[in-house]
Amino acid sequence: MPVDGILGFPGQGFTPLNQSSLASPFGLRLRQTILSSGAVWIPSNIPFVFVIVVGGGGGGATTTSGGAAGVSWGWTIPQTTCIVGAGGTGVNSTGGNIGNYSRFGSVIAGGGAASGVTMTPVGAGGFGSSAASSSNAGGINYWGIPGGAAVAATTALKGEPGSGASGGGGTTTAGATAGDGGDGISGGGGGRSTNAGSSTQTGGNGGSGLVGGGGGRADTTTGTRIGGNGGNGLGIDGTVYIGGTGSTGTNTAGSGGGGAGILANGGNASGNTAGNGGLGGGGGGSGSTGGNGGDGVIFIYY
C-alpha cells in the first residue's frame, strides 16, 4: 500500500509489517495511551498520527471461552474523539457477549468473539468449541490478513493460526484434553472438555499473540476437572503478559483462566468462576460463570 510523498509518511513504500517496532514505529514517540472513550487532544501542527488500536475481549460463557480482541494499526488524521471498546461481559449461560470495537479515525479493531455471535469481528480471535459445535473462525484483520479456519466440534485439535486465530476443538472423550486456541496476532479461545463419567478432563488453553484468548472449561465429570489457562499477550514495549491459570477440583471447578491483554496479565479462575481477560483485549475464560473480556486501548504516536 504505497503512500510515498504524502506529508508525514516515510518516503519508501509502506506495508503494514515493515514498521520498525511496536514501541517506536518509524521512530515516533508514544504520546497517549487511552483507556476510555471520549475527547482527545492532539497539537494542531500534527498532520498525521500513527495509532495501534485494540478492541475489547470476548466474554466467556458456560461452554465456550472468549476470543482475544482484534488489533489494528496505521496512519490517520488526528481526531478530537475516540471509541475504546469495553470487554464482553461473562455470563452463566451458553450465549456469550462479544467485545466492543475500538476506533480512532480510520483505524478500527473489532471486539473478541463470543458464542452469542455468528461472525467474528475485525481481526479478533474466535471462541473455543463447546464440544457440541465447532469452534469459531478467526477474523480477517484491518490489513486483510486472513483469520484461522474453524475447528470441528469434538476433534480436540488446536485452533488454526491467523491474524485472528480460531478457537480450539472440544472433546467428549473420557480422560481427554481439549484443543488449545490458535496462536496469532489475536489468540483463539480454548476448547471445552466434557464427559459424564469419573475421568480426568482438561480444558484447552487459550491461544497466544499480542492478545491472548480465554481458557476452556472442563466439566460434567465427577472426577478431576482441570480448567485451561488463558493465552499470553505481548505489550508494545516487549513485556510478556501471562494468561490466568485455570481452576482444578474433583467434581467441581475446572474453569478457564482469562487471556492476557496487551497491557496486563489475565485473571486466574477461582472455583466455578472463570478468569477475566487482561486489560487490552484479553478473552474471558469459560466456567459456570464466564470471565469478562478485557477492555480495549488506543496508543497514539507522533
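Residues numbered from 1 in each chain as written. Predicted model: local features only at pLDDT ≥ 70, side-chain atom pairs only at ≥ 80, totals over all residues. Heavy atoms only, no water.

Chemist: Help me understand the overall build of the protein chain, please; the structure alone is not making it clear to me.
Modeler: The helix and strand inventory of the protein chain stands at zero helices and 17 strands. Taken across its 302 residues, the protein chain has 57% of its residues classed as buried. Pairs at least 24 residues apart make up 55% of the contacts formed inside the protein chain by residues separated by at least 6 positions. Accessible surface, the protein chain: about 10400 Å² in total, of which carbon and sulfur atoms supply 55%. The positive charge centre, built from 7 side chains, and the negative charge centre, built from 7, are 8 Å apart in the protein chain. (Helix = DSSP H or I, 4+ residues; strand = E, 2+ residues; numbered from the N terminus. Buried < 20%, exposed > 50% of the residue type's maximum accessible area, 1.4 Å probe, protein only. Contact = heavy atoms within 4.5 Å. Areas by Shrake-Rupley, 256 points an atom, 1.4 Å probe, with all protein chains shown as cover. Lys, Arg positive; Asp, Glu negative; His and termini not counted. Charge placed at Lys NZ, Arg CZ, Asp CG, Glu CD.)

Chemist: Mind showing me how you'd approach the pattern of salt bridges here?
Modeler: One side chain can pair with another of opposite charge once the charged atoms of both are near each other. Applying the stated rule across the entire model yields three salt bridges. Note that Asp 183 and Lys 158 form a salt bridge whose closest N and O atoms lie 3.3 Å from each other. Highlighted residues: Asp 183 in the loop between β8 (162-164) and β9 (184-186) and Lys 158 in the loop between β7 (107-109) and β8, separated in sequence by 25 residues. Exposure remark for Asp 183: the relative accessible area of 35% places this residue in the partly exposed category. Judged by relative accessible area, which is 40%, Lys 158 ranks as partly exposed. Where Asp 219 meets Arg 192, a salt bridge forms, and the shortest distance between an N and an O atom there is 2.7 Å. Taken as a pair, Asp 219 in strand β12 (residues 218-219) and Arg 192 in the loop between β9 and β10 (193-194) lie far apart in primary sequence, 27 residues in all. (Salt bridge = Lys/Arg side-chain N within 4 Å of Asp/Glu carboxyl O.)

Chemist: I tried to follow the confidence of the model for the protein chain on my own but got confused; where do I start?
Modeler: Note: predicted coordinates in regions of low pLDDT should not be interpreted at a detailed level. When pLDDT is averaged along the protein chain, the result is 91; 92% of the residues meet or exceed 70. Contacts from residues 1-20, a stretch scored under 50 in pLDDT, to residues over four places away or in other chains number 34 contacts. (pLDDT = per-residue confidence, 0-100.)

Chemist: What is the right way to read the nonpolar core from this model?
Modeler: Ile 52, Val 54, Val 71, Val 211, Ile 262 and Phe 299 are the most contacted members of the largest nonpolar core, which has 16 residues in total. Contributions of two or more residues to this core are made by β3 (49-54), β4 (71-76) and β17 (297-301). Core analysis: the second largest hydrophobic core is formed by 14 residues, Val 40, Val 84, Ala 109 and Ile 298 among them. (Core = buried A, V, L, I, M, F, W, Y, C linked by side-chain atoms within 4.5 Å.)

Chemist: Would you explain the sheet that holds strand β11 (residues 201-202) in this entry?
Modeler: Hydrogen bonding along the main chain pairs the strands of a sheet, whether they run parallel or antiparallel. Pairing in this open sheet of three strands is mixed, and the strands run β11-β13-β16 from one edge to the other. Every interior strand has two partners, whereas the edge strands, β11 and β16 (248-250), have only one. Pairing between strand β13 (residues 224-226) and β16: three bridges, direction antiparallel. Along β16, the bridge assignment pairs Thr 224 with Thr 250. (Pairing = 2+ DSSP bridges.)

Chemist: Would you explain the side chain of Thr 76 in this entry?
Modeler: Tracing the backbone through its elements, the reader meets Thr 76 in strand β4. Residue class for Thr 76 comes out buried when judged on its relative accessible area of 5%. A polar contact is formed between the side chain of Thr 76 and the backbone nitrogen of Ser 106, at a distance of 3.1 Å. (Polar contact = N/O pair within 3.5 Å; in protein donor to acceptor, adjacent residues only side chain to side chain.)

Chemist: Help me understand the packing of aromatic side chains in this model?
Modeler: Describing an aromatic ring pair means giving the distance of the ring centres and the angle of the ring planes. Scanning the model with the defined rule gives five aromatic pairs in all. Look at Phe 50 and Trp 75: their rings are 5.5 Å apart centre to centre, the planes differ by 80°, and that puts the pair in the edge-to-face class. In this pair, Phe 50 is assigned in strand β3 and Trp 75 in strand β4, connecting sequence segments 25 residues apart. Taking the centre distance of 6.3 Å and the plane angle of 65° together, the rings of Phe 50 and Tyr 301 count as edge-to-face. Of the two residues, Phe 50 sits in strand β3 while Tyr 301 sits in strand β17, which places them 251 residues apart along the sequence. An aromatic cluster of three or more residues is present, and its members are Phe 26, Phe 50, Trp 75 and Tyr 301. (Phe/Tyr/Trp six-rings, centres within 6.5 Å; stacked < 30°, edge-to-face > 60°.)

Chemist: What exactly am I supposed to notice about a nonpolar patch on the surface here?
Modeler: A contiguous nonpolar surface patch, about 240 Å² in accessible area, is contributed by Leu 234, Val 240 and Ile 242. Tracing the chain through its elements places Leu 234 in strand β14 (residues 233-234). (Patch = residues over 30% accessible without salt bridge, like charges linked within 9 Å, V, L, I, M, F, W, Y side chains within 5 Å.)

Chemist: Would you explain the sheet that holds β3 in this entry?
Modeler: On the basis of which strands lie adjacent, the open sheet formed by four strands has the order β1-β17-β3-β4 and antiparallel pairing. Where the open sheet ends on each side, the last strands, each with one partner, are β1 (30-34) and β4. Neighbour-to-neighbour, the strand axes of the sheet open up by a mean angle of 15°, direction not taken into account. Where β3 meets β4, six bridges bridge the pair, whose relative direction is antiparallel. Across the sheet, residue Phe 50 finds its bridge partner in β4, namely Trp 75. (Axes fitted to C-alpha atoms, helices over the stretch in contact; angles between N-to-C directions.)

Chemist: For this particular structure, what's the right way to read the pairing of β4?
Modeler: The side chains of a regular strand alternate, first on one face of the sheet and then on the other. Taken across its six residues, β4 has six buried, putting it largely inside the fold. Side-chain alternation along β4 places Val 71, Trp 73 and Trp 75 on one buried face and Ser 72, Gly 74 and Thr 76 on a second face that is also buried.

Chemist: What should I look at first to understand the environment of Gly 283 in this one?
Modeler: Looking at the secondary structure, you find Gly 283 in the loop between β16 and β17. Given a relative accessible area of 0%, Gly 283 falls into the buried group. Taking the C-alpha atoms as reference, Gly 283 lies 4.9 Å from Gly 67; in sequence the two are 216 residues apart. When neighbours within four sequence positions are excluded, Gly 283 is seen to be in contact with Gly 58, Gly 66, Gly 67, Ala 68, Gly 212, Gly 213, Gly 214, Gly 258, Gly 259 and Gly 277.

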